[in-house]
Amino acid sequence: MSRRLSFRLISKKDLAQEEDDFWSENSEQKNFISMATHQLRTPLAGIKWTLSMLLNEEVGPITKDQKKWLEQAFHSNEKLIHLTNEILSALKIDGGGMQIYPAPTDILMLVREVVEIIRPSIEKKGIRFKLEKGKGEIRPATIDRDRIVTVFQNLIENAIKYTPDGGEIKVTVTQEKDGIKCAVKDSGIGIPQADKLNIFRRFFRAHNAFNYDQQGTGLGLFISKGIIERHGGKIWFDSVEGRGTNFYFILPSGDIIQN
Amino acid sequence: MNTEQKKVMWVEDDEFLSGLISQRLTKEQFEIFTANNGEDALTILKEHTPDIFLLDLMLPGEVDGFKLLETIRANEKTKDKPVLLFSNLASKEDMDKGYGLGATKFLIKSSMVPDEIIAEIKSALGV
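All values derive from a computational prediction rather than experimental measurement.

A.B. asks: Sorry if this is basic, but what is going on with unusual backbone geometry here?
C.D. replies: Across residues other than glycine, the phi torsion is negative in most instances, and most of the peptide bonds are trans. Positive phi, close to 60°, is recorded for E57 of chain A, a residue that is not glycine. As for its position among the elements, E57 of chain A is in the loop between α2 (27–55) and α3 (64–94). Not every positive phi belongs to a glycine, and Q29 of chain B is a case in point at roughly 70°. Mapped onto the elements of the fold, Q29 of chain B is located in the loop between α1 (15–27) and β2 (31–35). Residue Q29 of chain B is classed as exposed on the basis of its 11 C-beta neighbours within 10 Å.

A.B. asks: How should I be thinking about the domain arrangement of chain A in this particular structure?
C.D. replies: Note: interface size is frequently given as the accessible area lost on complex formation between the parts. Residue and element names in this part refer to chain A. By domain assignment, chain A separates into domain 1 (12–94) and domain 2 (103–252). Computed from C-alpha atoms alone, the centre-to-centre distance between domain 1 and domain 2 is 23 Å. Listed by partner, the interface residues are 7 residues for domain 1 and 8 residues for domain 2. A per-element tally of the side of domain 1 that touches domain 2 places α3 first, with 6 residues. For the side of domain 1 that touches domain 2, the residue count by class is 4 nonpolar, 1 polar and 2 charged.

A.B. asks: Sorry if this is basic, but what is going on with the interface of chain B and chain A here?
C.D. replies: Counting from both sides, the interface comprises 12 residues of chain B and, opposite them, 15 residues of chain A. Broken down by element, the residue count for the side of chain B that touches chain A peaks at 3 residues, all from α1 of chain B. In the side of chain B that touches chain A, the residues fall into 6 nonpolar, 2 polar and 4 charged.

A.B. asks: Just checking my understanding: could you explain the environment of G166 of chain A for this structure?
C.D. replies: Its location among the elements puts G166 of chain A in the loop between α5 (145–161) and β4 (168–175). Separated by 39 residues in sequence, G166 of chain A and I127 of chain A place their C-alpha atoms 4.6 Å apart.

A.B. asks: Would you take a moment to explain the sheet that holds strand β1 (residues 7–11) of chain B for this structure?
C.D. replies: Within a sheet, adjacent strands bond to each other through the backbone by hydrogen bonds, running parallel or antiparallel. Residues and elements named next belong to chain B. The 5 strands lie next to each other as β2-β1-β3-β4-β5, forming an open sheet whose pairing is parallel. Looking at which strands have only one partner, the edges of the open sheet turn out to be β2 and β5 (105–108). Recorded for the sheet is a direction-independent mean angle of 20° between the axes of neighbouring strands. Where β1 meets β2, 5 bridges bridge the pair, whose relative direction is parallel. Residue pairing in the sheet places V8 in a bridge with I32 of β2.

A.B. asks: What should I look at first to understand the packing of α3 of chain A against helix α6 (residues 220–230) of chain A in this one?
C.D. replies: Helix-helix packing: each pair is described by the crossing angle between the helix axes and the interaxial distance. Residue and element names in this part refer to chain A. In contact at an axis separation of 10 Å, α3 and α6 are set at 45° when each is read in the N-to-C sense. By the angle class used here, α3 and α6 are oblique. Considering the relative orientation of α3 and α6, their crossing is left-handed. Together, E86, S89, A90 and I93 of α3 and F222, I223 and G226 of α6 make up the contact between the two elements. For the contact of α3 with α6, the residue count by class is 4 nonpolar, 2 polar and 1 charged.

Each value, and the rule that gives it
- Residues numbered from 1 in each chain as written.
- Chains lettered and ligands numbered in written order.
- Predicted model: local features only at pLDDT ≥ 70, side-chain atom pairs only at ≥ 80, totals over all residues.
- Helix = DSSP H or I, 4+ residues; strand = E, 2+ residues; numbered from the N terminus.
- Buried ≥ 20, exposed ≤ 12 C-beta atoms within 10 Å, placed from the backbone.
- Domains from an automatic or database assignment.
- Contact = placed C-beta atoms within 7 Å.
- Nonpolar A, V, L, I, M, F, W, Y, C, P; charged D, E, K, R; others polar.
- Pairing = 2+ DSSP bridges.
- Axes fitted to C-alpha atoms, helices over the stretch in contact; angles between N-to-C directions.
- Parallel < 35°, antiparallel > 145°, perpendicular 65-115°, else oblique.
- Left-handed = near helix turned anticlockwise from the far one by under 90°.

Dropping the structure here:
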């Protein structure tokens, strides 16, 4: 029996549409992925706890070399845990099930806290980091604190990843008429022109990103966009390849409509 | 105050996780009661009164972590004892439900290491 292979020309746009259709229609598959990801978390916690006990020499003394390898394993496991978090967040965004729990929040204070968490990565690369407040008083924003922390973490961590050693990152928070505008600017590798349309797509990674970070998931910006839009806000960017990228988002004033 | 007399109940269906923390708690001189499901936990509670409870939310069988928490809060002997709820996810719905039922604290397993769990137990017990 002969097999006939049929070909059809598929444009990038078709592929993107097919991918969107898959994620919006296949709730059974999504449930399966969600359950599988959820099930991964117990063994991941087990690995984390075991490695932590070994590293703390609770089971017996370890050599310098063993410590180095155990730390690598711990670090890899942390990445897996982070990946499961991202997959679950992305599935919630796709399914429209991301709940937002808004409360009045001091955005500047929130950014300072995020910066403290990731300061070691900033210092490791010798990056000059600035946090600036725009003109006027910043009013408390009614936001889901944890979700907006995720957005700032994603954007600033990306900026660090894709900015060469000794570069510059600046975060600006400005009170505007209709909301708070936040900007994360870096002097990094920038986004190639051909990739700009796809940068917020799930699992998408710009072509020049792999040289700087092989292990990124391509979910961070997709999740960030989902979170900002769930707040009724807007996220966008401008970028010149080789010179840097500026991400902006607006968190609108007023109450967020709950699902 | 030392931890020697303190009784900890750890209800967790994953035997590996349960074993890890039990071993760590034994080193800290706690007395430990472990159960792999809610029904076994209820049987233990008929004879013993732990000073603190560590409950996994998702348990096999009819009695999950929430139901256990309700039972603990409804019992005169245990109603004021600290209860730490453990979950795999920081679902706000679960957190709200847990705190609504009287949980002392809600903890995410994969966000913590054993030292931090021990510190939480000691802090909740005030030891």
